[in-house]
Amino acid sequence: MAGCTSRCRQGVLKFMQSLRRLVFGTLSKDKIDDELEMTMVCHRPEGLEQLEAQTNFTKRELQVLYRGFKNECPSGVVNEETFKHIYAQFFPHGDASTYAHYLFNAFDSTKNGSIKFEDFVMGLSLLLRGSTREKLEWTFHLYDINRDGYISREEMTEIVRAIYDMMGKYTYPALKGDVPKQHVDAFFQKMDKNKDGVVTLDEFVLACQEDETMMRSMQLFENVI
Amino acid sequence: MASGVAAWLPFARAAAIGWMPVANCPMPIAPRDHSKRKDELIILNVSGRRFQTWRTTLERYPDTLLGSSEKEFFYNEEAKEYFFDRDPDAFRSVLNFYRTGKLHYPRYECISAYDEELAFFGIIPEIIGDCCYEEYKDRKRENAERLMDDQEENKDAKLPNMTFRETMWRAFENPHTSTMALVFYYVTGFFIAISVITNVVETVPCGYKSQKDVPCGERYTVAFFCMDTACVMIFTVEYLLRLFAAPSRYRFMRSVMSIIDVVAILPYYIGLVMTDNEDVSGAFVTLRVFRVFRIFKFSRHSQGLRILGYTLKSCASELGFLLFSLTMAIIIFATVMFYAEKGSSSSKFTSIPASFWYTIVTMTTLGYGDMVPKTIAGKIFGSICSLSGVLVIALPVPVIVSNFSRIYHQNQRADKRRAQKKARLARIRIAKKGSTTAYLQTKRNGLLNELLDLTASEVEQQHLNKTSSLLESQHHHLLHCLEKTTGHEFVDEQLFEQNCLEGALQPYRSHSRTPSASSQDGPTGTCCSRRSKRGSTPVPNASQPHMLTHTLPQSPGLQELSAINIQCAEQQLHGSSRSNLNMQTNEVDRRNTRQQQQQVTTAIISVQTPSTGSSASDEDHDHGLGLPSVVTTASSNVIKVSAL
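Owing to the predicted nature of the structure, the values given are computational and were not obtained by experimental measurement. (Residues numbered from 1 in each chain as written. Chains lettered and ligands numbered in written order. Predicted model: local features only at pLDDT ≥ 70, side-chain atom pairs only at ≥ 80, totals over all residues. Heavy atoms only, no water.)

Draft legend 1. How the structure looks around the overall build of chain B. Along chain B, the regular secondary structure elements total 28 helices and seven strands. Put simply, chain B has 644 residues, and 40% of those count as buried. For chain B, long-range pairs separated by at least 24 residues make up 66% of all intrachain contacts whose partners lie at least 6 apart in sequence. Just so you have it, chain B exposes about 35,700 Å², and 62% of that area is on carbon and sulfur atoms. (Helix = DSSP H or I, 4+ residues; strand = E, 2+ residues; numbered from the N terminus. Buried < 20%, exposed > 50% of the residue type's maximum accessible area, 1.4 Å probe, protein only. Contact = heavy atoms within 4.5 Å. Areas by Shrake-Rupley, 256 points an atom, 1.4 Å probe, with all protein chains shown as cover.)

Draft legend 2. Up close: the overall build of chain A. Helices and strands together make up the secondary structure of chain A, namely 11 helices and five strands. For chain A, the residues scored as buried account for 40% of the 225 residues in total. Across chain A, contacts joining residues at least 24 apart in sequence account for 59% of those joining residues at least 6 apart.

Draft legend 3. Highlighting the interface of chain B and chain A. In this assembly, 64 residues from chain B lie in contact with 60 residues from chain A. Of all residues in chain B, the largest losses of buried area upon contact with chain A belong to B:Trp8, B:Phe11 and B:Ile17, amounting jointly to 14% of the total for that side. Across the chain B-chain A interface, the total number found is zero salt bridges. Counting the contacts that link chain B with chain A gives five residue pairs in polar contact (both at pLDDT 80 or more). Those elements giving two or more residues to the side of chain B that touches chain A turn out to be helix H1 (9–15), helix H18 (396–455), helix H20 (470–486), strand E7 (489–490), helix H21 (493–510), helix H23 (526–535) and helix H28 (626–642) of chain B. Considering only residue class, the side of chain B that touches chain A consists of 37 nonpolar, 14 polar and 13 charged. Sheet topology places strand E4 (residues 171–172) of chain A next to E7(B); two bridges connect them, and they run antiparallel. Each bridged residue has a counterpart across the sheet, and for A:Thr171 the counterpart in E7(B) is B:Phe490. (Buried area = accessible area lost by both parts, 1.4 Å probe. Salt bridge = Lys/Arg side-chain N within 4 Å of Asp/Glu carboxyl O. Polar contact = N/O pair within 3.5 Å; in protein donor to acceptor, adjacent residues only side chain to side chain. Nonpolar A, V, L, I, M, F, W, Y, C, P; charged D, E, K, R; others polar. Pairing = 2+ DSSP bridges.)

Draft legend 4. The environment of B:Tyr75, seen in detail. Residues and elements named next belong to chain B. Of note, Tyr-75 is situated in strand E3 (residues 75–76). Looking at Tyr-75, the relative accessible area reads 29%, which means it is partly exposed. When sequence neighbours within four positions are dropped, the list of residues in contact with Tyr-75 reads Lys-80, Glu-81 and Tyr-82.

Draft legend 5. Expanded view of the side chain of B:Thr486. Looking at the element boundaries, B:Thr486 is found in helix H20. Aside from chain neighbours lying at most four places away, what touches B:Thr486 is A:Ile163, A:Tyr164, A:Met167, A:His183 and B:Asn24.

Draft legend 6. Geometry of the sheet that holds strand E2 (residues 49–54) of chain B. Residue and element names in this part refer to chain B. An order of E2-E1-E4-E3 is seen for the four strands of this open sheet, with the pairing classed as mixed. Among the strands making up the open sheet, the edge pair consists of E2 and E3. Here six bridges tie strand E1 (residues 41–46) to E2, and the two strands are oriented antiparallel to one another. When the bridges of E2 are listed, Val-46 appears paired with Arg-49.

Draft legend 7. Geometry of the packing of helix H15 (residues 316–340) of chain B against helix H16 (residues 352–363) of chain B. Residues and elements named next belong to chain B. The contact between H15 and H16 brings their axes to 8 Å, and the two run at 120°. Our classification of the angle between H15 and H16 gives oblique. Crossing angle aside, the handedness with which H15 passes H16 is right-handed. Counted together, Leu-326, Ala-329, Ile-330, Ile-331, Phe-333, Ala-334, Thr-335, Met-337, Phe-338 and Tyr-339 of H15 and Ile-352, Ser-355, Phe-356, Tyr-358, Thr-359, Ile-360 and Met-363 of H16 form the full contact between these two elements. (Axes fitted to C-alpha atoms, helices over the stretch in contact; angles between N-to-C directions. Parallel < 35°, antiparallel > 145°, perpendicular 65-115°, else oblique. Left-handed = near helix turned anticlockwise from the far one by under 90°.)

Draft legend 8. View of the pattern of salt bridges. Residue and element names in this part refer to chain B. Per the stated rule, a full pass over the model turns up 27 salt bridges over all chains. Note that Glu-40 is salt-bridged to Arg-55, the shortest N-O span being 2.9 Å. A residue pair is termed long-range when its members are at least 10 positions apart, and Glu-40 in the loop between H1 and E1 and Arg-55 in helix H2 (residues 55–58) qualify at 15 residues. Classification of Glu-40 by relative accessible area gives partly exposed; the value is 33%. When its relative accessible area of 14% is taken as the criterion, Arg-55 is described as buried. If you follow the salt bridges from partner to partner, you end up with Glu-202, Asp-228, Arg-291 and Arg-294 in one network.

Draft legend 9. Highlighting the confidence of the model for chain A. When the pLDDT values of chain A are averaged, the result is 82; 90% of them are 70 or greater. Within the model, the stretch residues 34–39 of chain A combines pLDDT values under 50 with zero contacts to residues more than four positions away or in other chains. (pLDDT = per-residue confidence, 0-100.)

Draft legend 10. Focus on helix H7 (residues 132–143) of chain A. The end-to-end C-alpha distance of H7(A) is 17 Å, a good match for the 16 Å that 12 residues give at a rise of 1.5 Å each. Along H7(A), the residues that are buried comprise A:Lys135, A:Leu136, A:Trp138, A:Thr139, A:Phe140, A:Leu142 and A:Tyr143. (Expected span 1.5 Å × (residues − 1).)

Draft legend 11. Layout of the environment of A:Arg161. Along the chain, the position of A:Arg161 falls in helix H8 (residues 153–167). Since its relative accessible area comes to 37%, A:Arg161 is described here as partly exposed.

Draft legend 12. How the structure looks around the packing of helix H5 (residues 97–107) of chain A against H8(A). Residues and elements named next belong to chain A. Following both chains from N to C, one finds H5 and H8 inclined at 130°, their axes separated by 7 Å at the closest point. As summarised for this structure, H5 and H8 are arranged oblique, according to the angle between their axes. Contacts from Thr-98, Tyr-99 and Tyr-102 in H5 reach Glu-158, Ile-159, Ala-162, Ile-163, Asp-165 and Met-166 in H8. Tallied by class, the residues present in the contact of H5 with H8 amount to six nonpolar, one polar and two charged.

Draft legend 13. Structural view of the nonpolar core. Counting 76 residues, the largest nonpolar core has A:Tyr87, A:Phe91, A:Leu103, A:Phe120, A:Phe204, B:Trp8 and B:Trp19 as the members making the most contacts within it. Ignoring anything within four residues of it in the chain, the contact list for A:Phe120 reads A:Leu65, A:Phe69, A:Phe107, A:Ile115, B:Trp8 and B:Phe11. (Core = buried A, V, L, I, M, F, W, Y, C linked by side-chain atoms within 4.5 Å.)

This is the structure:
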């Protein structure tokens, strides 16, 4: 009985409201656009000395790097879209967005969707001035998409597919069949020592250090800056 | 490559380390920065105003004046600066382009002066940023039109080789071209007017005949008939002439104007054919209505009518919506009025469709008064009907009117922009293709350079290295690494298509290759096995390494269709090549040289013995038979080392 009364009251209230709306109209005042533009976040890196201490670059090199970085991203942070756009400029033949996505995740150590200059420079320091072990660890983290410490076949297939996407369509010899899969099979054959279907960091480092060609290729990029 | 992101190239190259573990083949050597210049400030003195910037900023765009060595022509030794005798205000935009990668067009600048500055500094206007591009294009078009007005007298000059038919068509479409056309234009216009007036006057009552008002048409039958005949004659002749002169007769016959023409003159002929039968004369009279369509023939003479028709067509959806909402309201109110007035006697609202008339007349506030409600309910609903009519009609109409003008202007501008966009995109695509083909071209030349690196003197090496900037060579090295990682090469579209075609023929040809090469298959990556296959075709010897480019005689073994196709595609050769024999030999040579150099490169990277130089020269001295064995060792070295 009580429920009936309350329902009746609600009904009457609703009716009164709709009548009021009918008479006075339903125009609501314009909501103030309080969308605070979050994109104007500005970030300044730590001091030059601190960065010099933390990385293996000289002051001069850091200056050159920062100038280039700031030119492209005046706000001081790179978000994923900008990053993909920049990376795609270097590979006009194909689609570099997937690989750029994985690269972005590899550089974004704080996982907040943007790369600050410090992250950028730390990553570069590892890649260019780090020891072989550090480089290999970085590469392992790049391949290990879900950061569980193992490179599974699926993760590797995705990475290899992303690399092949960058080649585009017009290649010689033409990409027929599942070329990435064959590539991944070859990779696992080489890397997966105990044949358990996943590659751990130690297996990876060991296998790479055995490979003379690869070691030599890694030294190739010393003089990039 | 957008050189605006040149600063990120070191990063992209560093990130290439991520490809190393996956790579099938060894990586190429990185280009060396021979002149390791430290980044220095350079001073640009433009008519006294000094601008300063980093050297690397300018070098981002090596195909412009400031980015290339062309600026050395303007170098002032005493003051250690570059002096340009140009406008410093315009130079600001030019320099900002280097800094930000975006070219802006300042509004205060004169368009032709700006164009001259851009041309001087070697910057193409197409890269003006989106923010300023439309303004730039508008100003440019205005300017062009202004200049064109001066030349318009020559525009209508008769082209000497136009056929009679084309002349006639042009005369029809554009009456101002010749006096005859103008005369024809006015004559037809006059006759259209006469015809319309005759149709109107035909029905005016004039005079009496047997106590009955008789329209003029029946009184002066012969006169009107003669008039009608004359008009129809003229119209028929005109239509036939247009049909004859039209470039595409089928398209002309489908066009609206020609349909109007036909509809205008058909009733006359049908009337001629039909006899004076009682049954059909009623239908014949109806046909006469179509004569009024002659008035539409005026639209050829009036630009305004055409525009009106076009805007109506483009506002069709708004008009449609108006009609739909009106129909809804009419039906609602007619139903209500019908049921409201059902009770009253002698009511004119006999049915709902009958009430439609009342509703329409009331809603459009016409109020003829031939149907009025008598009951109170009817009057109430009638007043609601008229009020809502005002609202329903008054509200959309201004929207439609403003839509007219907006859509009209928008259509004009959209067409313009669409035309610009297509051309613009085409140009950007060409530039982009240029950057992708730049890599392919450099690859071909680069292999040449690598060979010469080993053997040529320092001077020649410097000279050849200067042809591409350091940035470009680094970028190309990056792309080369990607090729090596995946074991596939970049090719351009035509090559790709040819390869696809050739791919069908491939299985039949592979059997003819030497077995030694095919035994290398399996563990070796695709790149290496392909190269060894190629190497198995007999390659003639050469006397000295650096003469490779131009002393190889024709090789008979290379008559395969695929090879020749690919050779034909590789036509573009730079002046840096030192061979000057005819093209045919060169193509063959390049193919051989390329294969050899690929093998040479492979050998160098994987073997890394101190006898590299000698092994290369040894290889060159080898006969064709010897080559597969060298290839064998090279490939087997690769197998050993990479253990894939």
